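The chain contents come next:
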Amino acid sequence: MSLGVGIATGLYGISFGALAVAAGLEIWQAQLLSILMFSGGSQFAFIGVVATGGVASLPAAIASAWLLGIRNGFYALQMKPLLGSLGWRTPIAAQLNIDETTGVATAQSNLPDTRKGFWLTGIYVFVFWNLLTLFGSLLGSSIGDPSAFGLDAAAAAAFLGLLWPRLKALQPIVVATAAAVIAVLLTPVLSPGLPILVAALAAVIVGGLNLFKPKMQAGEVQ
Amino acid sequence: MTLTLAILIASLAVYSWKFFGYLVPQRLLGKPMVARIASLLTVALLSALLATQAMTSQSEIVFDGRLVAVAVAALLLKLRAPFLVVVVAAAAVAALLQAVGF
């Protein structure tokens, strides 16, 4: 399971690499993101904002990547009691704390498998994600005009692919719709990258007040 | 700010969340409201990025072949196509429409 997840995730590293160089990053800069940031959503967000706003949008690119990384903190919270005493391996476990590792680890039925799943998936995803980022950026840099190859639409499709599995209830659908409308309408009036951050307020308001909440089933926790 | 510096800062910022989760006590972040906002934040940001990527150019709202490409991507996702297939198909549709001048 770990190897399969590693390869599948790595494959979309190809699109990340290609889109990163299309956004104006050097090949080694794209690689730096895959090694150091190592969080797909945040990486796509960073290059997405840079692609539309250039150097002026770098602060907004940092903020978008940071805000999208917040869920990794919650995965860490979930994994900490399962992984046991980590000692010096804590900083490494933290870096590997992403959607895929948490997904595989928490799908196991016993503790040894959970730990094995976490580490193996982490290592496989890291290796394939980085190898295929390199492949993608080399591929991307051999392409001239990115829009002629539909790479801007590919970036949008990549965001849709990341968003899709999260749209299973009314609350996230309302937030997604509101955020999209806010971001597009504010684009002509705010500086690049900012509309995305303002759109994030939709999550804070709907989540904070728990609007459009799902009806609870009897006996269901949260 | 240079691009490289921004990459380093952003990477450290993302890492801070990952590490933070191992440091803070469960009860601080385990609150339902905090967890709910965090998960909706992901949805809001991804959707805003998707929308601006598909419907804006520089600081203008633009409707072009990218929207059709995103619709094709949505259809493929509904049919459970793999991520890479979805991305490549969207790129192909947009490139094709651009080539015919849409």
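Residues numbered from 1 in each chain as written. Chains lettered and ligands numbered in written order. Predicted model: local features only at pLDDT ≥ 70, side-chain atom pairs only at ≥ 80, totals over all residues. Heavy atoms only, no water.

1. Brief notes about the overall build of chain A
The helix and strand tally for chain A stands at 12 helices and 0 strands. Going from N to C terminus, chain A has its helices and strands arranged as α-α-α-α-α-α-α-α-α-α-α-α. The C-alpha radius of gyration computed for chain A amounts to 19 Å, which stays within 12% of the reference 17 Å derived for 222 residues, consistent with globular compactness. When the 222 residues of chain A are sorted by exposure, 51% land in the buried category. Contacts in chain A between residues far apart in sequence, at least 24 positions, make up 72% of those at least 6 positions apart. Of the roughly 9,400 Å² of accessible surface on chain A, a fraction of 71% belongs to carbon and sulfur atoms. Within chain A, one finds 9 positive and 7 negative side-chain charges whose respective centroids are separated by 16 Å. (Helix = DSSP H or I, 4+ residues; strand = E, 2+ residues; numbered from the N terminus. Rg over C-alpha atoms; globule rule 2.2 N^0.38 Å. Buried < 20%, exposed > 50% of the residue type's maximum accessible area, 1.4 Å probe, protein only. Contact = heavy atoms within 4.5 Å. Areas by Shrake-Rupley, 256 points an atom, 1.4 Å probe, with all protein chains shown as cover. Lys, Arg positive; Asp, Glu negative; His and termini not counted. Charge placed at Lys NZ, Arg CZ, Asp CG, Glu CD.)

2. Some points on the interface of chain B and chain A
With 68 residues of chain B in contact, the opposing surface of chain A contributes 90 residues. Surface buried jointly by chain B and chain A totals about 6,900 Å² across both partners, of which 78% is contributed by carbon and sulfur atoms. Looking only at chain B, the three residues that lose the most surface to chain A are W17(B), K18(B) and Y22(B), adding up to 12% of its buried area. Our enumeration of links across chain B and chain A arrives at 0 salt bridges. Run the count over chain B and chain A and you get 12 residue pairs in polar contact (both at pLDDT 80 or more). At the level of secondary structure, the elements contributing two or more residues to the side of chain B that touches chain A comprise α1 (3-23), α2 (26-29), α3 (32-55), β2 (60-61), α4 (65-78) and α5 (83-99) of chain B. The biggest single contributor to the side of chain B that touches chain A is α3(B), with 23 residues. (Buried area = accessible area lost by both parts, 1.4 Å probe. Salt bridge = Lys/Arg side-chain N within 4 Å of Asp/Glu carboxyl O. Polar contact = N/O pair within 3.5 Å; in protein donor to acceptor, adjacent residues only side chain to side chain.)

3. Quick notes on the domain arrangement of chain A
Residue and element names in this part refer to chain A. Partitioning chain A into domains gives domain 1 (2-151) and domain 2 (167-213). Between the C-alpha centres of domain 1 and domain 2 the distance comes to 23 Å. Facing the 7 residues of domain 1 at the interface are 5 residues of domain 2. Summed over both sides, the interface between domain 1 and domain 2 buries roughly 430 Å², with carbon and sulfur atoms accounting for 83% of that surface. Between domain 1 and domain 2 we count 0 salt bridges in total. Here domain 1 is connected to domain 2 by 0 residue pairs in polar contact (both at pLDDT 80 or more). Residue assignment for the side of domain 1 that touches domain 2 shows that the elements contributing at least two residues are α3 (40-53) and α4 (58-68). (Domains from an automatic or database assignment.)

4. Digging into the environment of A154(A)
Within the secondary structure layout, A154(A) lies in helix α9 (residues 151-163). Judged by its relative accessible area of 2%, A154(A) falls in the buried class. Sequence spacing of A154(A) and F16(A) is 138 residues, and the spatial spacing of their C-alpha atoms is 9.8 Å. If we skip the residues at most four places from it in the chain, A154(A) touches L19(A), V87(B) and A91(B).

5. With respect to helix α7 (residues 99-106) of chain A
When we look at burial in α7(A), the residues that qualify are E100(A), T101(A), T102(A), V104(A) and A105(A). Looking at the buried residues of α7(A), the elements they touch are α1 (2-22), α5 (70-83) and α8 (111-141) of chain A.

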